[in-house]
Protein chains: 2
Amino acid sequence: MGENLSGAAEAIWQYNKCIIDAIYDLVPAVKPQIAMYEQFGIEGMKTYVKTLEYAKSKGLIVIGDVKRGDIGSTSAAYATGHLGKVNIGGKQFRGFDEDFITVNPYLGSDGILPFIDVCKQENKGLFILVKTSNPSSGEFQDQLINNRPLYEHVGKKVAEWGELFMGHEYSYIGAVVGATYPEVGKVLRELMPKTFILVPGYGAQGGKAEDLKHYFNDDGLGAIVNSSRGIIAAYKLPKYEAYGETGYADASRQAVLDMREDLKKAWSR
Amino acid sequence: MGENLSGAAEAIWQYNKCIIDAIYDLVPAVKPQIAMYEQFGIEGMKTYVKTLEYAKSKGLIVIGDVKRGDIGSTSAAYATGHLGKVNIGGKQFRGFDEDFITVNPYLGSDGILPFIDVCKQENKGLFILVKTSNPSSGEFQDQLINNRPLYEHVGKKVAEWGELFMGHEYSYIGAVVGATYPEVGKVLRELMPKTFILVPGYGAQGGKAEDLKHYFNDDGLGAIVNSSRGIIAAYKLPKYEAYGETGYADASRQAVLDMREDLKKAWSR
């Protein structure tokens, strides 16, 4: 394996494959972050696609964390590439083919609706950024508009957009609300009762299990808690150092088991 | 050329090459929209890279319209991939290598600063979305916070971020303000005196030359007016139909010349 872009991309692919093999029977979904592949250019993107395909072959739902979003015609192109099919000479082809993707709401409805159109055709879904997990998310998202923070206005809009493509009880159009702002999770849960909430920020970013109850509805459903670095880089944590670098996949499996226990314990309290 | 993803990507590359050959002596910069390539998956991304490289070989500045933006660690990866270099075994490699990219501000400072760090290392720049050109941009961007629309708050922040990486008179950190909201352009021009404004929406989206004066400073500088479909798909417009489909590159050249005259006329009024 060369020390170049394709060598690095191949190494990441092998790494991912072993992690998926170690955890696919324990989790419902994986959320690859496309930026981590995009930084290696085309070679990285190939590994992103291989990772999506492999995860799906193992029965996992794939949430592409791509945070795309643009004006209508451009959002339509992103939707085609990530969720839909492109038409070439009467035949149809798929570009990236995630099951769900994350999208950015800053451009408003006409930047979102083309994604929803493709979701309907494909039985796929979205998670729209509402309140993000990062420290400075409040700079704009927390600003008050008619005495309510921007994230509530966005959340209300997500609930409306969600009505356009309902499943049985929940919508295919979900929201992203960071684990790091539990009081916000509580408010948004109530504002968006039929919306699945993708909750990043558990673990490495500091979100704690006991804070996450409010992201769920009383039926115990309605949220999907995500841990990224806490799982895929578990072997780097003091807690799992006994696994060593070569035991990284086993460390990840243990981290998934521990996360599950942690969430369960919070529920039984 | 097969009727598949690689055939379509090759056709787009040939199309782009002829357009660049026809217009590179007339314009300072091109702004490829990555979504239009991303919809063809990996093959499309390869054409995006080839287009960037060819445009730069012709002396053009390349503005990648990628609208990326995420939490800090992820924005750092996007910045590495699009503007910087990734380190592999002590050697450095470039992924996409645009000169400027567009970014989305919804996540606040810690989603933006990693891009600025890489810009400083590479002498490159950004255009941060402030007020976008699409019809529903006002849904969130126009909402009043302390009696001023969100886009003004974002604009003020862009001017602050801009101070972190100044050129001679203007900052390397620019703003996107759509041509379709000229009254907003005027306000933001005053709020961000040292900020280059990228102005999409001229032509196909309805922005008119006489409305664009306010996007410039009194020195005649400070804005870059973008026409996308109006140039690259000029042959489809009634005005240029005499060129026919095979004369598309000549139609594009004429559309550039006409756009230049249109802007000049507006200035001399």
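Structure: see above.
Here's what I pulled together on the structure shown here. Keep in mind the model is a prediction, meaning the values are calculated, not measured.

### A look at the packing of aromatic side chains
Tallied over the entire structure, the rule returns 20 aromatic pairs over all chains. Considering the side-chain rings of Phe-165 of chain A and Tyr-172 of chain A, the 4.2 Å spacing of their centres and the 15° angle between planes classify their relative orientation as stacked. In this structure Phe-165 of chain A comes out as buried when scored by relative accessible area, which is 11%. Residue Tyr-172 of chain A is classed as partly exposed on the basis of its relative accessible area, which comes to 25%. Measuring from centroid to centroid gives 6.4 Å for Tyr-240 of chain B and Tyr-243 of chain B, while their planes differ by 45°, and the two rings are tilted. Relative accessible area serves as the criterion here: at 31%, Tyr-243 of chain B is assigned to the partly exposed category. These aromatic residues form a ring-pair network of at least three members: Tyr-15, Tyr-235 and Tyr-248 of chain A. Lys-58 of chain A extends its terminal NZ or CZ atom over the ring of Tyr-24 of chain A, reaching a point 4.7 Å from the ring centre.

### Section: the pattern of salt bridges
Applying the stated rule across the entire model yields 40 salt bridges over all chains. One salt bridge in this structure joins Glu-10 of chain A and Lys-50 of chain A, with 3.7 Å as the shortest N-O distance. With a gap of 40 residues between them, Glu-10 of chain A in helix 1 (residues 5-23) and Lys-50 of chain A in helix 3 (residues 41-57) connect regions that are remote in the sequence. Assessed through its relative accessible area of 26%, Glu-10 of chain A is described here as partly exposed. Residue Lys-17 of chain B pairs with Asp-21 of chain B through a salt bridge whose shortest N-O separation is 3.3 Å.

### A short note on the sheet that holds strand 1 (residues 29-30) of chain A
Residues and elements named next belong to chain A. Reading across the sheet, the seven strands line up as 1-2-5-6-9-10-11 and stay open at both edges, with parallel pairing between neighbours. Both edges of this open sheet fall to strand 1 and strand 11 (223-225), since each of them pairs with a single strand only. The pairing of strand 5 (residues 100-103) with strand 6 (residues 125-131) spans four bridges and is classified as parallel. Paired with Thr-102 across the strands is Phe-127, a residue of strand 6. Here helix 3 sits on the sheet and contacts strand 1 and strand 2 (61-68); the angle it forms with strand 2, its principal contact strand, is near 150°.

### Quick look at the relation of the copies chain A and chain B
Taken as rigid bodies, chain A and chain B are interconverted by a rotation of 180° and an axial shift of 0.0 Å, the fit giving an RMSD of 0.0 Å. Between the two chains, the operation in question is that of a two-fold axis. When C-alpha positions in chain A are compared against the rotation axis, the closest is assigned to Ile-145 of chain A, at 2.7 Å. Comparing contact sets, 100% of the residues at the interface of chain A also lie at the interface in chain B, consistent with an isologous, same-surface contact.

### Some details on unusual backbone geometry
All names here are of chain A. Look at Asn-123: it is not a glycine, yet its phi comes out positive at around 55°. Relative to the elements of secondary structure, Asn-123 occurs in the loop between helix 5 (109-122) and strand 6. With a phi angle near 50°, Asn-146 is a residue other than glycine that sits in the positive phi range. Note on placement: Asn-146 falls in the loop between strand 7 (144-145) and strand 8 (148-149). Overall, the relative accessible area of 63% leaves Asn-146 in the exposed class.

Reading the values: the criteria
Residue positions are given per chain, counting from 1 as you read along its sequence in written order. All chains are assigned letters beginning with A, and all ligands numbers beginning with 1, in the order in which they are written. With pLDDT at 70 or above as the cut-off, local features in this predicted model cover only qualifying residues; side-chain atom pairs require 80 or more to be listed or tallied, and sums for whole chains, interfaces and linings still use all residues. Values reported for side chains reflect all heavy atoms of the structure, with hydrogen atoms and water molecules removed beforehand. Aromatic pairing here means that ring centres of Phe, Tyr or Trp (its six-membered ring) are within 6.5 Å. Orientation follows from the plane angle: under 30 degrees is stacked, over 60 is edge-to-face, and everything else is tilted. Relative accessibility decides the category of a residue: with a 1.4 Å probe and only protein chains considered, values under 20% of the type maximum give buried, values over 50% give exposed, and everything between is partly exposed. Two conditions define a charge located above a ring, namely a distance within 6 Å from the ring centre to NZ of Lys or CZ of Arg, and an angle within 35 degrees of the ring normal. Note on definitions: salt bridges are taken to be side-chain nitrogens of Lys or Arg within 4 Å of carboxyl oxygens of Asp or Glu. The helix count covers DSSP runs of H or I at least four residues long, the strand count covers runs of E at least two residues long, and both are numbered beginning at the N terminus. The pairing criterion is simple: DSSP has to find at least two bridges between the two strands. Contacts are assigned to residue pairs that have any heavy atoms within 4.5 Å of one another. For helices, the fitted axis covers only the stretch in contact; all axes are lines through C-alpha atoms, and the angles between them, taken along N-to-C directions, range from 0 to 180 degrees. A least-squares superposition brings the copies together, and it is based on the C-alpha atoms of residues with pLDDT no lower than 70 in both.

Geometry only, nothing functional implied.
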